[in-house]
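Here is what each chain is made of, one letter per residue.
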Amino acid sequence: MTIGWYLAVSAIVFSLGAVGVITRRNPLVVLLCLELMLNGANLALIAFSRMWGNGDGQILALVVMTVAACEVCIGLGMIVAIYRKRLPVDVDELRELQG
Amino acid sequence: MSAVLFFLAAAGAITGAVGVVMLRNPFYSVLALVVHLISLAVLFLLLRAQFVAAVQVVVYAGAVMVLYVFVVAYVGDQDDSLGERLRGSGPVASGLRLGGALVGGALLVELLIALLGTGLVAIDHYGAPYSEAHPEPETFGTPGYIGRLLLTRFLLSFEIASFLLLIAAVGGVVLARRRGGIGEDEQRDVLTPLDLLRPLGTGTMREGIGRRES
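Below you will find a few notes about this structure. Not measured: the values here are computed from a predicted model. (Residues numbered from 1 in each chain as written. Chains lettered and ligands numbered in written order. Predicted model: local features only at pLDDT ≥ 70, side-chain atom pairs only at ≥ 80, totals over all residues. Heavy atoms only, no water.)

### Remarks on the overall build of chain A
Stage number 1. For chain A, the count of helices and strands is 3 helices and 0 strands.
Stage number 2. Going from the N terminus to the C terminus, chain A shows its helices and strands as α-α-α.
Stage number 3. Taken over the C-alpha trace, chain A has a radius of gyration of 17 Å; the compact-globule value for 99 residues is 13 Å, which it surpasses by more than 25%.
Stage number 4. Projected onto the principal axes, the alpha-carbon positions of chain A cover approximately 50 × 25 × 20 Å.
Stage number 5. Of all 99 residues assigned to chain A, the portion counted as buried reaches 63%.
Stage number 6. Counting only contacts in chain A whose residues sit at least 6 apart along the sequence, the fraction spanning at least 24 positions is 55%.
Stage number 7. Carbon and sulfur atoms make up 66% of the accessible area of chain A, which totals about 3,700 Å².
Stage number 8. Averaging the coordinates of the 7 positive side-chain charges in chain A and doing the same for the 7 negative ones gives two points 6 Å apart. (Helix = DSSP H or I, 4+ residues; strand = E, 2+ residues; numbered from the N terminus. Rg over C-alpha atoms; globule rule 2.2 N^0.38 Å. Buried < 20%, exposed > 50% of the residue type's maximum accessible area, 1.4 Å probe, protein only. Contact = heavy atoms within 4.5 Å. Areas by Shrake-Rupley, 256 points an atom, 1.4 Å probe, with all protein chains shown as cover. Lys, Arg positive; Asp, Glu negative; His and termini not counted. Charge placed at Lys NZ, Arg CZ, Asp CG, Glu CD.)

### Some remarks on the interface of chain A and chain B
Stage number 1. With 68 residues of chain A in contact, the opposing surface of chain B contributes 86 residues.
Stage number 2. Note on chain A versus chain B: buried area summed over both sides is about 7,000 Å², and carbon and sulfur give 75% of it.
Stage number 3. Looking only at chain A, the three residues that lose the most surface to chain B are A:Met1, A:Arg24 and A:Arg50, adding up to 11% of its buried area.
Stage number 4. Between chain A and chain B we count 1 salt bridge in total.
Stage number 5. Here B:Arg153 and A:Asp56 are joined by a salt bridge, their closest N and O atoms 3.2 Å apart.
Stage number 6. Along the contact surface separating chain A from chain B lie 6 residue pairs in polar contact (both at pLDDT 80 or more).
Stage number 7. For the side of chain A that touches chain B, the elements supplying multiple residues, two or more each, are α1 (3–23), α2 (27–52) and α3 (56–84) of chain A.
Stage number 8. The element best represented in the side of chain A that touches chain B is α3(A), accounting for 21 residues.
Stage number 9. Residue composition of the side of chain A that touches chain B, grouped by class: 44 nonpolar, 16 polar and 8 charged. (Buried area = accessible area lost by both parts, 1.4 Å probe. Salt bridge = Lys/Arg side-chain N within 4 Å of Asp/Glu carboxyl O. Polar contact = N/O pair within 3.5 Å; in protein donor to acceptor, adjacent residues only side chain to side chain. Nonpolar A, V, L, I, M, F, W, Y, C, P; charged D, E, K, R; others polar.)

### A look at the packing of aromatic side chains
Stage number 1. Under the defined criterion, the tally for this structure stands at 7 aromatic pairs over all chains.
Stage number 2. Summarising the aromatic geometry, the rings of A:Tyr83 and B:Tyr74 are spaced 5.4 Å apart at their centres and angled 70 degrees between planes, so their arrangement reads as edge-to-face. Here B:Tyr74 lies in helix α3 (residues 50–75) and A:Tyr83 lies in helix α3, a pairing that spans two chains.
Stage number 3. Owing to a relative accessible area of 39%, B:Tyr74 belongs among the partly exposed residues under this scheme.
Stage number 4. Taken together, a centroid distance of 5.6 Å and an interplanar angle of 50 degrees make the contact between B:Phe140 and B:Tyr145 tilted. There is no split in this pair, since B:Phe140 and B:Tyr145 are both buried. (Phe/Tyr/Trp six-rings, centres within 6.5 Å; stacked < 30°, edge-to-face > 60°.)

### Here we look at α3(A)
Stage number 1. With 29 residues, α3(A) should cover 42 Å at 1.5 Å per step; its first-to-last C-alpha distance of 42 Å lies within 8% of that length.
Stage number 2. Downstream of α3(A) by one or two residues, A:Arg86 has phi in the positive range, about 65 degrees. (Expected span 1.5 Å × (residues − 1).)

### Details of α2(A)
Residues and elements named next belong to chain A.
Stage number 1. Here α2 is 26 residues long and its end C-alpha atoms lie 38 Å apart, about the 38 Å a rise of 1.5 Å per residue gives.
Stage number 2. Burial analysis of α2 places 20 of its 26 residues in the buried class, which makes it a mostly covered element.
Stage number 3. Downstream of α2 by a residue or two, Gly53 has a phi angle that is positive, lying close to 75 degrees.

### Observations concerning the side chain of A:Thr23
Residue and element names in this part refer to chain A.
Stage number 1. Looking at where Thr23 falls in the secondary structure, it is placed in helix α1.
Stage number 2. Take Thr23: its relative accessible area is 5%, and that puts it in the buried class.
Stage number 3. Within the structure, the side chain of Thr23 is placed 2.6 Å from the backbone oxygen of Val19, a separation counted as a polar contact.

### Details of the packing of helix α1 (residues 2–22) of chain B against helix α2 (residues 26–46) of chain B
Between two packed helices, the angle of one axis relative to the other and the distance separating the axes together describe the packing.
Residue and element names in this part refer to chain B.
Stage number 1. Between α1 and α2, whose axes approach to 8 Å, the crossing angle comes to 155 degrees. The angle between the axes of α1 and α2 places the two elements in the roughly antiparallel class. The two elements α1 and α2 cross, and the hand of that crossing is left-handed. Side by side, α1 and α2 meet where Ser2, Leu5, Phe6, Ala9, Ala10, Gly12, Ala13, Gly16, Ala17, Gly19 and Val20 of the first sit next to Ser29, Ala32, Leu33, Val35, His36, Ser39, Leu40, Val42, Leu43 and Leu46 of the second.
Stage number 2. Across the contact of α1 with α2, the residue classes tally to 14 nonpolar, 7 polar and no charged. (Axes fitted to C-alpha atoms, helices over the stretch in contact; angles between N-to-C directions. Parallel < 35°, antiparallel > 145°, perpendicular 65-115°, else oblique. Left-handed = near helix turned anticlockwise from the far one by under 90°.)

Next comes the structure, spelled out in structure tokens:
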């Protein structure tokens, strides 16, 4: 398959992730949808790496995976802390930072 | 053969993504994400990124998803599905339906224009030909190739990524402690020099067993 097909798949996955981030209310699912967006970007990076025939895109994809792992670590820690404080696990209810 | 494999993997990836967004139970969303990640690993293999595909399966679909499953089991599934909210009535549901579809559709159209409508001729080809300037087909994407790149050209990003992981590990420990955040009511009765070195609320036996002494 040509590179364009892979890019189309990555665009679809990224858009689905964005829809999930803006419509779901459970912060766990919001984090999962963020993973979807990062994976869409990863697929585009690796497709471009194959397109140019060098490995820079693959290295960048590995760095993106590292950032995603850090984000999961901090995000899940925050969700566990919210749950322990007996606050509602819902991004619509948690609006204390809104001012 | 590769075309068949591509369509199977792409269908799996998109189905998994739809499942993550639409499913009601967060636990099933995690499982759908595992399906999505493994399909993406197949796509990476088709693009000759063997090492990244292996990392995707082992680290992402293995370790990170186990973490998610643990937290879902801990927090519980207090969820409302997207489908239920879309079926509901009232200004919130209709606004959500309209806004979500609008933003998603606009983003998809924009991305497709940006990616496929470029002047890049190469996206209609099967990838770069292998020449002397580029690595051989046998070495492209192998662990040795990635490792050499990481330790030569991309040494700085490698070090920054490792430092980021260290910061995230420390942050995760601080956030998920049993007492939940920096202590509000910690009293230091007798100050020793060691107390001044450690941050508030860390490093005590009480913190480890989660009991507050009054």
